[in-house]
Amino acid sequence: YTVDEMKGLRLDDFLKEKSSIDGWFPMSQGKRKKIVKHDIQFVKKSGELCWAMVSASRMSNDDSQEGTVLLMVSDITGRKEVEEQYKNLAENLPSGAALVVDRSFNCVLTAGNAFKRKGRKRPKTEGMPTDNVKPVSLAERLKEYYSQAFEGEKLDFELEYLDRWW
């Protein structure tokens, strides 16, 4: 779309699913700045689908409770395509697992039958910091390994989790 074609339209007008984003970006009225992020699928003018991370931050001055919301939109289509490949691989292997972490140590993707616990759903970890992984000793080890991998080191390690060796 050109800038002129987008003028006067809402973000919702470009969503894959025709729905409203109202309420997706709640902005507190306090002075503390909070950033809210959502991965959203959009439709390009050509009809092609693309993914974007939309980050919203409330902007205000010290004298006023009023403010505006700054939206930043980043194309993450490539990342989402890779995540889907990992998810399909992990879900289709009987004991498969995929844990993808970004450089801020947030779990981007957790997939696979190996993470399922008997009679319980897999804990919600996507979008959460690896510090939330329990037990804490496991979270610390994973953070150490990911730090080394982000620095370009090749790793080979084993660890025990959910009564099995990984």
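Parameters and conventions
- Residues numbered from 1 in each chain as written.
- Predicted model: local features only at pLDDT ≥ 70, side-chain atom pairs only at ≥ 80, totals over all residues.
- Heavy atoms only, no water.
- Patch = residues over 30% accessible without salt bridge, like charges linked within 9 Å, V, L, I, M, F, W, Y side chains within 5 Å.
- Areas by Shrake-Rupley, 256 points an atom, 1.4 Å probe, with all protein chains shown as cover.
- Salt bridge = Lys/Arg side-chain N within 4 Å of Asp/Glu carboxyl O.
- Helix = DSSP H or I, 4+ residues; strand = E, 2+ residues; numbered from the N terminus.
- Buried < 20%, exposed > 50% of the residue type's maximum accessible area, 1.4 Å probe, protein only.
- Core = buried A, V, L, I, M, F, W, Y, C linked by side-chain atoms within 4.5 Å.
- Contact = heavy atoms within 4.5 Å.
- Expected span 1.5 Å × (residues − 1).
- Arc of directions from axis to C-beta.

## Notes on a nonpolar patch on the surface
Part 1 of the reasoning: On the surface, a nonpolar cluster with roughly 300 Å² of combined accessible area is contributed by Y1, V3 and M6.
Part 2 of the reasoning: Within the element layout of this structure, M6 appears in helix α1 (residues 3–6).
Part 3 of the reasoning: Under the relative-accessibility criterion, M6 is labelled partly exposed at 37%.

## Comments concerning the nonpolar core
In globular proteins that are soluble, nonpolar side chains generally tend to be buried together.
Part 1 of the reasoning: Formed by V101, F105, V133, L138, A139, L142, Y145, Y146, L159 and Y161, the largest nonpolar core amounts to 10 residues.
Part 2 of the reasoning: The dominant element in this core, judged by the number of residues it contributes, is helix α3 (residues 136–150), at five residues.
Part 3 of the reasoning: Ignoring anything within four residues of it in the chain, the contact list for Y146 reads L99, V101 and F105.

## A short note on unusual backbone geometry
Part 1 of the reasoning: Residue F105 is not a glycine yet carries a positive backbone phi of 65°.
Part 2 of the reasoning: Positionally, F105 belongs in the loop between β4 (98–101) and β5 (107–111).

## Points about the environment of V108
Part 1 of the reasoning: Within the secondary structure, V108 sits in strand β5.
Part 2 of the reasoning: Judged by relative accessible area, V108 falls into the buried class, the value being 17%.
Part 3 of the reasoning: For V108 and T130, which are 22 residues apart along the polypeptide, the C-alpha to C-alpha distance reads 9.9 Å.
Part 4 of the reasoning: Beyond its immediate chain neighbours, meaning those up to four positions away, V108 contacts R79, E83, V100, V101, D102 and E126.

## Remarks on helix α2 (residues 77–92)
Part 1 of the reasoning: Under the 1.5 Å per step criterion, the end-to-end length of α2 is 23 Å for 16 residues, consistent within 8% with the ideal 22 Å.
Part 2 of the reasoning: Residues T77, K80, E83 and A90 constitute the buried set of α2. Take α2 and look down its axis: the buried residues cluster within an arc of 145°, on one side only. In α2, the exposed residues that point more than 90 degrees away from the buried face are Q85, L89 and N92.

## Considerations on the pattern of salt bridges
Part 1 of the reasoning: One pass over the full model with this rule turns up eight salt bridges.
Part 2 of the reasoning: Residue K44 pairs with E48 through a salt bridge whose shortest N-O separation is 3.8 Å.
Part 3 of the reasoning: Look at K44 and you get partly exposed, because its relative accessible area is 35%.
Part 4 of the reasoning: According to the relative accessible area criterion, E48 is partly exposed, its value standing at 45%.
Part 5 of the reasoning: Here E83 and R79 are joined by a salt bridge, their closest N and O atoms 2.6 Å apart. Here R79 and E83 lie together in helix α2, a separation of four residues that amounts to about one turn.
Part 6 of the reasoning: Taking relative accessible area as the criterion, R79 reaches 31% and is therefore assigned partly exposed.
Part 7 of the reasoning: Connected via shared salt-bridge partners are D39, R79, K80 and E83.

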